[in-house]
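Chains, contacts and geometry: an overview
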Amino acid sequence: MRVWGLVLLLMATVATPAEDLAHARAAYEQNDWAGAVQLLRPLLYPKITLSSEDEVVRARKLLGAAYFYAKDNFRARVEFQILLTLQPDFRMDRVVDGPDVTDFVERLKRENQDELRRIEAESRRREEERRRREEEERRRNAVRILVETRVRERPFSVNLLPFGAGQFQNRQTGKGWGFLVTEVALGAASAAAYAAVHLKYPSGTVPERDAGTAASLELTHIVTGGLFLVVWGLGVYDAIENWKGEDVTRQERPQTPGRVSIRPTPMGLGLDF
């Protein structure tokens, strides 16, 4: 099996990325997990050299499965996390790919869905609690209510900001909290991994005994940083899709009894009691 992996590696030195992907598939089918990994990693890291999204999906699927069967569950989880970010409805084939790796991916999907649902539920709960308190305060203090309609311009540039800024501007607080928490977590993980390597080895020289740990931290830095950019891009796309140039709102303001007066408002005339 090692000989097969060496042959494929030699072929890869003169092969195109698409041919390397085919060679990696052949090594995978021969259960040469290490050979498949050696062929697949250069296609995806440090930059993607494949020419189509379909090839990228197939490469990440093979790489994640090869890591899984090589008992490297951490790297397998990273690859399948990236794949599920690109294609949330992605599924493994139990017959073709095997039941073990299929169950692994399905568990990962359930974990992601459960976490997103928890974040959204907590955001809704906080928003409902805030509205309930405001309503109680208004009912205690307001004798009469003046309703004002205001038009506020929503700047387009906010849609390009990270951390759910566009969603909060569009009054989609559930989504906003989801993007905020996810991007903060990914950014913090990437920064922590980067700092762990570069603060410990400021000269850039890593002792051989620490090479594995340093490589894992560097991979974590790259993957979490890449996921941060992917989630940021998804947030920008979602914000632009739901953006409206003008925000029409209704604001309720407590009023005490008194004389009636007429005053100008942005939408016409208003009555004060």
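Heads up: the structure comes first, above all this text.
On to the nonpolar core. Within the largest apolar cluster, 40 residues are counted, with the highest numbers of intra-cluster contacts made by L40, L44, L63, F80 and V223. Elements supplying a minimum of two residues to this core: α2 (17-29), α3 (33-44), α4 (53-69), α5 (73-86), α7 (99-141), α9 (173-200) and α10 (211-241). The dominant element in this core, judged by the number of residues it contributes, is α4, at 9 residues. Apart from the residues lying within four places of it in its own chain, the contact partners of L40 are L21, A24, A59, L62 and L63.

Geometry of a packed helix pair, given as the angle between the helix axes and the separation of the axes. Look at α2 against α3: their axes get within 8 Å of each other, and the N-to-C directions meet at 160°. By the criterion of interaxial angle, the relationship of α2 to α3 is roughly antiparallel. As for how α2 packs across α3, the hand of that crossing is left-handed. Facing P17, D20, L21, H23, A24, A27 and Y28 of α2, the residues of α3 in contact are W33, G35, A36, L39, L40 and L43.

Below, the discussion takes up α5. With 14 residues, α5 should reach 20 Å at 1.5 Å per residue; the first-to-last C-alpha distance of 20 Å fits that figure. Every buried residue belonging to α5 is among A76, V78, E79, F80, I82, L83 and L84, and all of these are buried.

Let us look at the side chain of N170. The topology assignment puts N170 in the loop between α8 (165-169) and α9. Here N170 is in contact with R154, N159, A239, N242 and W243, once residues within four sequence places are set aside.

Relative to the elements of secondary structure, E153 occurs in strand β1 (residues 144-153). Exposure remark for E153: the relative accessible area of 64% places this residue in the exposed category. With 93 residues separating them along the chain, E153 and E246 place their C-alpha atoms 4.5 Å apart.

Under the 1.5 Å per step criterion, the end-to-end length of α3 is 16 Å for 12 residues, consistent within 8% with the ideal 16 Å. Among the residues of α3, G35, A36, V37, L39, L40, L43 and L44 are the ones counted as buried.

Turning next to the packing of aromatic side chains. What characterises a pair of aromatic rings is the spacing of the ring centres plus the angle enclosed by the ring planes. Taken as a whole and assessed by the stated rule, the structure comprises 9 aromatic pairs. With 6.5 Å between their ring centres and 55° between their planes, Y28 and Y69 make a pair best called tilted. Of this pair, Y28 sits in helix α2 while Y69 is found in helix α4, placing the two residues 41 residues apart along the sequence. With a relative accessible area of 9%, Y28 lands in the buried category. Here F68 and F104 contribute two aromatic rings whose centre-to-centre distance is 5.1 Å and whose plane-to-plane angle is 45°, an arrangement assigned as tilted. Of this pair, F68 sits in helix α4 while F104 sits in helix α7; the two residues are 36 residues apart in sequence, bridging distant segments of the chain. For the pair F68 and F104, a shared accessibility class is recorded, and that class is buried. Aromatic rings pair up to connect Y28, W33, F68, Y69, F80 and F104 into one cluster. Sitting over the face of the ring of W177, R126 holds its NZ or CZ atom 6.0 Å from the ring centroid.

Scoring rules and cut-offs
Residues numbered from 1 in each chain as written. Predicted model: local features only at pLDDT ≥ 70, side-chain atom pairs only at ≥ 80, totals over all residues. Heavy atoms only, no water. Core = buried A, V, L, I, M, F, W, Y, C linked by side-chain atoms within 4.5 Å. Buried < 20%, exposed > 50% of the residue type's maximum accessible area, 1.4 Å probe, protein only. Helix = DSSP H or I, 4+ residues; strand = E, 2+ residues; numbered from the N terminus. Contact = heavy atoms within 4.5 Å. Axes fitted to C-alpha atoms, helices over the stretch in contact; angles between N-to-C directions. Parallel < 35°, antiparallel > 145°, perpendicular 65-115°, else oblique. Left-handed = near helix turned anticlockwise from the far one by under 90°. Expected span 1.5 Å × (residues − 1). Phe/Tyr/Trp six-rings, centres within 6.5 Å; stacked < 30°, edge-to-face > 60°. Lys NZ or Arg CZ within 6 Å of the ring centre and 35° of its normal.

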